[in-house]
Every structure is written in C-alpha cells, then in structure tokens.
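Below are the chains, spelled out letter by letter.
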Amino acid sequence: MSRRADITVILVTERVIARADFSGHQAQSPGHFARWERSGDQSLLEAVQSAIEKDHLPGRRVVVLSTTIWNQVVSVPRLGIESVADEQLTNALKYEVEPLAGVDAEAASLAWVEQGERADQKMFWVNVLPAIEWEQIHALLASRKVREVRLTHPVAIFDPRDKQASNRVELWNQSACLVTDRRPARVALVTAGSERWISDLGFETGESLFASHASLVAPGQSAGQSVDMNLNDEAELKPWLQHAARNLLASQGNPRPWIRRQRTSSAATSAWLLRAAAITLVLLFCGWHFLWINGRNHHVQDQIVRLEQPAREKEKYDSMLRGVMEQREETINRAFATKSNLQRVAFFANSQTDRLHHLLQHLVNLRTSDLVIRQISIEEQGTVISGISLDSDAAPLLTNRLRDAAAPLGWEIHPASQHGQMKMTSGGPWTFSILLEDVGPPALLRESRRQTVDENASSDQQVSL
C-alpha cells in the first residue's frame, strides 16, 4: 500500500476538476495527478466526490479551491464594529454580504480576513458558501480520514510574499481581482466580451491599469505585460497546482479567508485527557463539598420544620374553619330555598281563590268599549286572558293598566300578542292574548333571605356563649 500524501489540492472550476497529491515540506512534483471535465449540472459536492473516489486516498490535509465560492472585499463602517468579538463580527458580515452573495445569512459558512481601513470604513476579504454545502463536503472528507479540510476561492491560495505574484490581475469565472499591496484591493464583475471590469477596478484602460502598477508583472515578462494562463491545459494546470500546494505549506502566519475545520490530533487528544483529569478532580472536590453542604442543609431544614410546625397547625385549623363556613353557607342556602318554597305555597294557597275575583274586578274596571274579553284560561305558564279588539292599541293599553294591579297578586304580565284578521281597512279586528305568569311574592322572598341569615347568626352567637 502506497504512503498517504501530506496534502491534496482539488481545483473545481466551471469546466475542470483537477486533483494533485503532494508529500514533504517542499511539495515536489505531485505523486498523483488527475484531471476531469466537469459537467454543467455537477454540484460542488459531486465534483469533490468524483475527485477522491479513485484508487488513491486523499492526503491528510485537503484544500478545495472552487470558483463557485463567493469571493469579495467588503467595507463595513468602523464605528459599528469596534470592540466586537470575532463571532459577532462574523454574523455581522453574513448579513452584510447576504444581498450581494445571495446566501441566506442564517445558513451561510463565512470566512474573513481584515484588510485594513479606508477613511471611516474597515475592509474585509470575505469568502462565503452555503453552510449545507460546506457541511456535506466536510463530512465526505472526514469519512476518508482527512485530518484537516480547507475551502476557499482560488485567488486566496497565492502567497503575497511571493514577489512575482504580489501585484497581479486575476480573472476567475465571472470576477476580476486586482491584487496589490499584498492584499486583494478591488474586485469587479466580468461581463463576457466587455472590458468594463477595468473601469470597475478604477482605471480607464488596461494600459493605465498596468502603468499605475509598474511592478504588475509575471515571471519572464516585461513591465506592463500579462500572462494568459489556461488552466484547461494540463501542462499549465499541473505546475499551477504545485505552486498552490507550496504556498499552502508556507502560509503559516499569513491569514487567508479559509472556510475550514480540523480534526483533533493526538496531541490535542492528550491535552483533552489532561483537561478531563483536571475536571474529574474538580468534580470530586465539588462532590465532597456538596455532601458537606447537603448535611448542613439537612440540619437547617430540620430546624425550619420545627419552627414552621405552629404555622402548619394554624393552616390546618384555618382549613377546617373554611370547611365549616362553607357548610354554614350551604345550610343557609338550603334553609332559604325551603322557606321560599313554603312562602310561595302559602301565598298561592291563601290568595288563589281571591286573586281571580280581584282579576275579574280589574278587567271590568279597566276594559274599553272597543275590546271584548272572550276567555280566561289556566295554562302551564300561568293565566291567559284572550279576546278581540277593534283597535290595535286596546290590548296593549289593557296590559299596561293591569301590570300594577297584578303584581301584588303574584302575577307578572307579559306583553299582549295580537293577530290582525284584515277585515277592516286598519287591519282589524285583532285577536289578542295576555299571559299572566305566576311568579309568587318576590318582596317576601327577599325578606325571607335576610331573616334566614339573621336567624343563623343568632344561633351561632348562642352556641358560642
């Protein structure tokens, strides 16, 4: 079985997928190199998977360079982020680039490097990728025992300490990047067949761009010239990947916008074991201290229980008193209901014969000439007076006159109901009925309630004496 490589570089562009494995600190010629054409519908995860699912295992460290990663330099007001922790700044940058990158801030993986200040703005070099894509890629590589995974745009791989590459213009996918003063200074969108990106970078023409940066040269070229490197050509792609691997190995202390995650090494595991042992000792001490405190608490709780005993006794007697008062109220209600029923029965027994006589007398006295009473009947709801009238107001008038006279006799008079026979021009004659509902003596019942309460209060006083 062949020795596993130290580092694997995977490049994913719109049309190309390439992989190169390197060992040693100098990243000599790759021990394994492969290149494939990328289909238009192939996702970044599928591209990475196709690059590692071959005969050779990926290296212990893997760096994925993809042009699909959103790469930009953004500015943020300096006053708004002063004394802000890195985690809070990361969240702020997610919301800052959300409308530019089209990646939801709540579902984004973001890496940034501070690039200094301009006026009252702080500049940040930012790489953004949907978090779910990053998690899937990391899980895939972790399943292949990869210790460290890094993800970034290809423009971030070169070492700005390289004098031959520190000042340059790079065109990647749909973006142009001017790299100068050892950092990406400006980024612009590239439109096919257009040189507008030159003006977006702040220059009128390509000549003025190179004239403003005399050192903007490539290896073996004169000042003001550029090199058109075609990474679709394997002869150019292979040394490009080697250069990327060397810069990656030499990137210690040079911050880059890496989206990264690293598996815990054996040294880190040992450190965690030491921390675990220290935590165990602390927990043992805390356990002993807890037992001692718990014993003291039990002693205090016993004293509290003894002191609270009188209060609990009082609460018990208060509960018993509430029960007695509730029973007393219930007894009063039952006595009132019984006395009310007795009073109602006595009222109807005493006035049943006389009140019909009084009713007839009132009807004789209160009737009018345009009204005839045909019948007085006893129904379930009470007494019903029915008849016929020539005037629609006659029956309601009789009802109103009878109301005061009927109340002392235990009746409540309901409004008269009428029905026109439509034999006259006014709609009459009208048949009518008046209901006298038996309600009993309300005044006597209220008095009975007060008497019942007073009688029970007198009984309680006698018992207490």
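Note that this is a predicted model, so its numbers are computed, not measured.

**Q** Explain the sheet that holds strand β7 (residues 121–130) here, please?
**A** For sheets, the rule is that strands pair by backbone hydrogen bonds, running either parallel or antiparallel. The 3 strands are arranged β5-β7-β6 in an open sheet whose pairing can be described as antiparallel. Only two strands of the sheet have a single neighbouring strand rather than two, namely β5 (70–77) and β6 (108–118). Across the sheet, the axes of successive neighbouring strands diverge by a mean angle of 25°, strand direction being ignored. In this sheet, β7 lies alongside β6 in antiparallel orientation, the contact comprising 9 bridges. Paired with Ala111 across the bridge in β7 is Asn127. Packed on one face of the sheet, helix α3 (residues 131–142) meets β6 and β7 and runs near 60° to β7.

**Q** Whenever I open this one, the pattern of salt bridges confuses me. Can you help?
**A** Pairing between side chains of opposite charge can happen when the charged atoms of each approach one another. Scanning the model with the defined rule gives 13 salt bridges in all. The partner of Lys122 in a salt bridge is Glu114, with the nearest N and O atoms 3.6 Å apart. A relative accessible area of 17% places Lys122 in the buried class. Overall, Glu114 belongs to the partly exposed group, its relative accessible area being 39%. Via salt bridges that share partners, Arg78, Glu82 and Glu117 belong to a single interconnected network.

**Q** I keep staring at the packing of helix α1 (residues 44–52) against α3 and nothing clicks. Help me out?
**A** To describe two helices that pack against each other, one gives the angle between their axes and the distance between the axes. Taken N-terminus to C-terminus, the directions of α1 and α3 make an angle of 15°; their axes are 9 Å apart at the nearest point. Relative to α3, the element α1 is oriented roughly parallel. The chirality of how α1 crosses α3 is right-handed. For the pair α1 and α3, contact is made by Leu44, Leu45, Val48, Gln49 and Ile52 and by Glu133, Gln136, Ile137, Leu140 and Leu141, respectively. In the contact of α1 with α3, the residues fall into 7 nonpolar, 2 polar and 1 charged.

**Q** I tried to follow the pairing of strand β2 (residues 16–22) on my own but got confused; where do I start?
**A** Side-chain positions along a regular strand alternate between the two faces of the sheet. Taking burial as the measure, the 7 residues of β2 include 7 buried ones, the bulk of the element. Burial along β2 is two-sided: the residues Val16, Ala18, Ala20 and Phe22 and Ile17, Arg19 and Asp21 are all buried. Relative to β2, strand β1 (residues 7–12) is paired through 6 bridges, and the arrangement is antiparallel. The partner of Thr8 across the bridge, within β2, is Asp21. Linkage of β1 to β2, two consecutive antiparallel strands, is achieved through a turn of 3 residues. With 6 bridges connecting them, β2 and strand β3 (residues 32–37) associate as antiparallel partners. Paired with Ile17 across the two strands is Trp36, which belongs to β3.

**Q** Mind showing me how you'd approach the side chain of Arg19 here?
**A** Tracing the sequence through the fold places Arg19 in strand β2. On the basis of relative accessibility, which here comes to 0%, the residue Arg19 falls in the buried class. A polar contact is formed between the side chain of Arg19 and the backbone oxygen of Leu57, at a distance of 3.0 Å.

**Q** In this structure, what is going on with the nonpolar core? I would like to understand it.
**A** The tendency in soluble globular proteins is for nonpolar side chains to be buried side by side. Core analysis: the largest hydrophobic core is formed by 21 residues, its most contacted members being Ile10, Val48, Leu129, Leu141 and Leu151. Looking at this core, the elements with two or more residues in it are β1, α1, β4 (61–66), α3 and β8 (148–152). In terms of residues, this core owes the most to one element, α1, which gives 5 residues. In this structure, Val48 is in contact with Ile10, Val64, Ile137, Leu140 and Leu141, ignoring residues within four places of it in sequence.

**Q** How do you make sense of the packing of aromatic side chains when you look at a structure like this?
**A** The description of an aromatic ring pair uses the distance of the two centres, along with the angle that the planes make with each other. Counted under the stated rule, the structure contains 2 aromatic pairs. An angle of 85° between the planes, with centres 5.5 Å apart, marks the rings of Trp112 and Phe124 as edge-to-face. A residue pair is termed long-range when its members are at least 10 positions apart, and Trp112 in strand β6 and Phe124 in strand β7 qualify at 12 residues. Geometrically, the ring pair formed by Phe285 and Trp288 is tilted, given 6.0 Å between the ring centres and 35° between the ring planes. Of this pair, Phe285 and Trp288 are both found in helix α7 (residues 266–366), 3 residues apart, which corresponds to roughly one turn of the helix. Pair check on accessibility: Phe285 and Trp288 agree, each one exposed. A cation over an aromatic ring shows up here: Arg150 above the ring of Trp258, its NZ or CZ 5.0 Å from the ring centre.

About the cut-offs
Residues numbered from 1 in each chain as written. Predicted model: local features only at pLDDT ≥ 70, side-chain atom pairs only at ≥ 80, totals over all residues. Heavy atoms only, no water. Pairing = 2+ DSSP bridges. Helix = DSSP H or I, 4+ residues; strand = E, 2+ residues; numbered from the N terminus. Axes fitted to C-alpha atoms, helices over the stretch in contact; angles between N-to-C directions. Contact = heavy atoms within 4.5 Å. Salt bridge = Lys/Arg side-chain N within 4 Å of Asp/Glu carboxyl O. Buried < 20%, exposed > 50% of the residue type's maximum accessible area, 1.4 Å probe, protein only. Parallel < 35°, antiparallel > 145°, perpendicular 65-115°, else oblique. Left-handed = near helix turned anticlockwise from the far one by under 90°. Nonpolar A, V, L, I, M, F, W, Y, C, P; charged D, E, K, R; others polar. Polar contact = N/O pair within 3.5 Å; in protein donor to acceptor, adjacent residues only side chain to side chain. Core = buried A, V, L, I, M, F, W, Y, C linked by side-chain atoms within 4.5 Å. Phe/Tyr/Trp six-rings, centres within 6.5 Å; stacked < 30°, edge-to-face > 60°. Lys NZ or Arg CZ within 6 Å of the ring centre and 35° of its normal.

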